[in-house]
Amino acid sequence: MYKMTLFKNGALCTRLIMLVASLFTSFSSSAATIYLKGQFKAPTSVNHDQLPRLSQVLTHHPLTNQAYRLGFQLQRPSAQRQQAHLKAHVLHTLKQLSQQTPAAKALFQLMQSLPVTGRMRLKTSLDGIEAQPNNDPLLNDGDRLYMPAHPNTVTVVGWTGAQQLPFNSQWLLTDYLKQIRFVDAANKSFVWLIQPDGRLTHSAVGYWNRKAYTVAPGAIIYVPIQDSYVKSFHPTFNKDVAHFLTTQPLPFAKG
Amino acid sequence: MMRTCCFKLGVLLPLLIGLAGCGSSQQLATNLVAPLKTHFKPTQITKQQIAAIPYANMLVTLGSGQQALLVLAHAVGEERHWLSGSREMLITQLGQVIRSTGLKQNVIAMRYTSRFNPLIQGLGQIKQPIAAHGTLSLMPGYRMELPFKAHFTPVGNERINIGNTALVLAKIKQTLTVPALHWTVHNFFWVDRKNNVVWQAEQQLAPDTPRMRMTVQKPYSKDV
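Every value quoted in this text rests on a predicted model; they were computed, and no experiment measured them. (Residues numbered from 1 in each chain as written. Chains lettered and ligands numbered in written order. Predicted model: local features only at pLDDT ≥ 70, side-chain atom pairs only at ≥ 80, totals over all residues. Heavy atoms only, no water.)

Colleague: Describe the packing of aromatic side chains, and please don't skip the residues or the numbers.
Modeller: Considering all chains together, one arrives at six aromatic pairs over all chains under this definition. With a centroid separation of 4.9 Å and an interplanar angle of 90°, the aromatic rings of A:Tyr207 and A:Trp208 are classed as edge-to-face. Of the two residues, A:Tyr207 and A:Trp208, neither departs from the other in class, the shared state being exposed. On the numbers, 5.9 Å between centres and 80° between planes, the contact of B:Phe116 with B:Phe152 is edge-to-face. Separated by 36 residues along the polypeptide, B:Phe116 in the loop between β7 (106–112) and α3 (118–121) and B:Phe152 in strand β9 (residues 143–162) bring together distant segments of the chain. (Phe/Tyr/Trp six-rings, centres within 6.5 Å; stacked < 30°, edge-to-face > 60°. Buried < 20%, exposed > 50% of the residue type's maximum accessible area, 1.4 Å probe, protein only. Helix = DSSP H or I, 4+ residues; strand = E, 2+ residues; numbered from the N terminus.)

Right under this line is the structure:
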């Protein structure tokens, strides 16, 4: 049911005015330097006397026409440590797997080359974020705001070899998978779909269980290894790889 | 150029509330803004209340639902960010919605790739039927970069009453077709040819979104 608030009376009318007024009144007390990268009209670093909300920075720094909002990243240095641990754990497992399956070696090299970004997942889209204080993060000193350019590819990695396919608005996830070759150790029933906004979906793609998944430009499809290869020593391996891939900025590193 | 209307609101708030007269009792349908009177459900916000709000604003009706007042929260470059009291947001560019948030289905990008780009040239420039094309992206569901065709036709001039002001505006019909969604819709815009300001629009943003009627009550001062 669609509805926008009707201003039946004074209280609701006042509520809208206070909402607009509140957009710029949420501050904290520490100074911060925020770095703007990518498709901002003026990529720069900005100093704030008080910790700003994300929306406060975005509102004052317009984007170029090439900006791809769905791929926006808030990168926080303090989040890098945990992601670095995750990457190390994945690399360790891949090293072990490389003796059983040659594809592990290629994935090891790819994963090793990927940056640890500290990406934080946002709970909402950028538009209107200022009207949702609970979803409008308070930025920390040293945070990076990265706005990628509009991509036109979809990347497939994992037990397929890595490749980039042209984005096709008519294609579903399974259409992309038709373009690649699974290696023997690949799980052909499920893949991980990583959308540019960081949303992760464990996607059923076998001919017996497949569902229709749409894919955004810049998405990553991770074709996992069969669980039997890793369940005895790293049962969350595939999920860990997928989670690490959610932190990657666009354009994704070519494998 | 980027500008926001919000910096001084904290200071102005008490005065603003007083000026807006928001504490007055509910009004009758006879106090409706005239263009909406015959087609949509009554609203209880009065012309006087709207006129007293010192910021750009517009009335929006979704489908057969109730009217909402949206206030201009930001003007960022050519974009106008309109915010409702229940936190939906419409982002317009030269009077056309290019993004939305808070609705059941939202446009997250509308991009023209044709030589004629009404988001740059404006609807007020249309004197002859003209075609355009581009892509539309919808959420949720990651329906991205769906190709569309748009055909714009000038229908003629119409007299529209906004508040106490009568305006003669060019009515432009847009026929929007998105083949991937098997969807065609006719949208209408009433635009001032002098400055490209769209004072009124009837448009549907996406197949699962009800038709929307927008009437600017007070435009952004830099636009007029």
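There's plenty left to go through after this.
Colleague: So what about the packing of helix α3 (residues 80–97) of chain A against helix α6 (residues 237–245) of chain A? Which residues, and what values?
Modeller: Residues and elements named next belong to chain A. Look at α3 against α6: their axes get within 10 Å of each other, and the N-to-C directions meet at 130°. Between α3 and α6, the angle is such that the two are oblique. Between α3 and α6 lies a crossing of left-handed hand. Contact with α3, carried on its side by Gln83, Leu86, Lys87, His89, Val90, Thr93, Leu94 and Leu97, involves Phe237, Asp240, Val241, His243 and Phe244 of α6 and no other residues of that element. Residues of the contact of α3 with α6, tallied by class, amount to seven nonpolar, four polar and two charged. (Axes fitted to C-alpha atoms, helices over the stretch in contact; angles between N-to-C directions. Parallel < 35°, antiparallel > 145°, perpendicular 65-115°, else oblique. Left-handed = near helix turned anticlockwise from the far one by under 90°. Contact = heavy atoms within 4.5 Å. Nonpolar A, V, L, I, M, F, W, Y, C, P; charged D, E, K, R; others polar.)

Colleague: Outline the side chain of B:Gln200, supporting the account with residue identities and numerical values.
Modeller: Residue and element names in this part refer to chain B. With respect to the helices, strands and loops of the structure, Gln200 is situated in strand β12 (residues 198–203). Exposure remark for Gln200: the relative accessible area of 1% places this residue in the buried category. Side-chain polar atoms of Gln200 contact the side chain of Thr215, separated by 3.4 Å. (Polar contact = N/O pair within 3.5 Å; in protein donor to acceptor, adjacent residues only side chain to side chain.)

Colleague: So, the pattern of salt bridges: which residues are in play, and what are the values?
Modeller: For side chains of opposite charge, pairing can occur when their charged atoms come near one another. All names here are of chain B. Summed over the entire model, instances satisfying the criterion amount to 11 salt bridges over all chains. Of the charged contacts in the structure, one is a salt bridge between Asp223 and Arg80, with a shortest N-O distance of 2.8 Å. Residue Asp223 is located in the segment after β13 (212–218), and its partner Arg80 is located in strand β4 (residues 79–84); the two are separated by 143 residues in the primary sequence. The closest approach of N and O atoms between Glu145 and Arg111, which form a salt bridge, is 3.7 Å. Taken together, the positions of Glu145 in strand β9 and Arg111 in strand β7 put the pair 34 residues apart, joining distant regions of the chain. Look at Glu145 and you get buried, because its relative accessible area is 13%. The exposure class of Arg111 is partly exposed, given its relative accessible area of 30%. (Salt bridge = Lys/Arg side-chain N within 4 Å of Asp/Glu carboxyl O.)

Colleague: Please set out the sheet that holds strand β4 (residues 119–120) of chain A residue by residue, giving values where relevant.
Modeller: Residue and element names in this part refer to chain A. Overall, mixed pairing links the five strands, which are arranged β2-β1-β5-β3-β4 in an open sheet. Strands at the two margins of the open sheet, each flanked by one partner only, are β2 (45–48) and β4. For strand β1 (residues 32–38) and β2, the ladder comprises four bridges, and the chain directions are antiparallel. Each residue of the ladder has a partner; that of Thr33, found in β2, is Asn47. (Pairing = 2+ DSSP bridges.)

Colleague: I'd like to hear about the environment of B:Arg143, residue by residue, with values.
Modeller: Residue and element names in this part refer to chain B. By the element assignment, Arg143 lies in strand β9. Relative accessible area serves as the criterion here: at 28%, Arg143 is assigned to the partly exposed category. Separated by 36 residues in the primary sequence, Arg143 and Val107 place their C-alpha atoms 9.6 Å from one another.

This is a description of form; function is not addressed.
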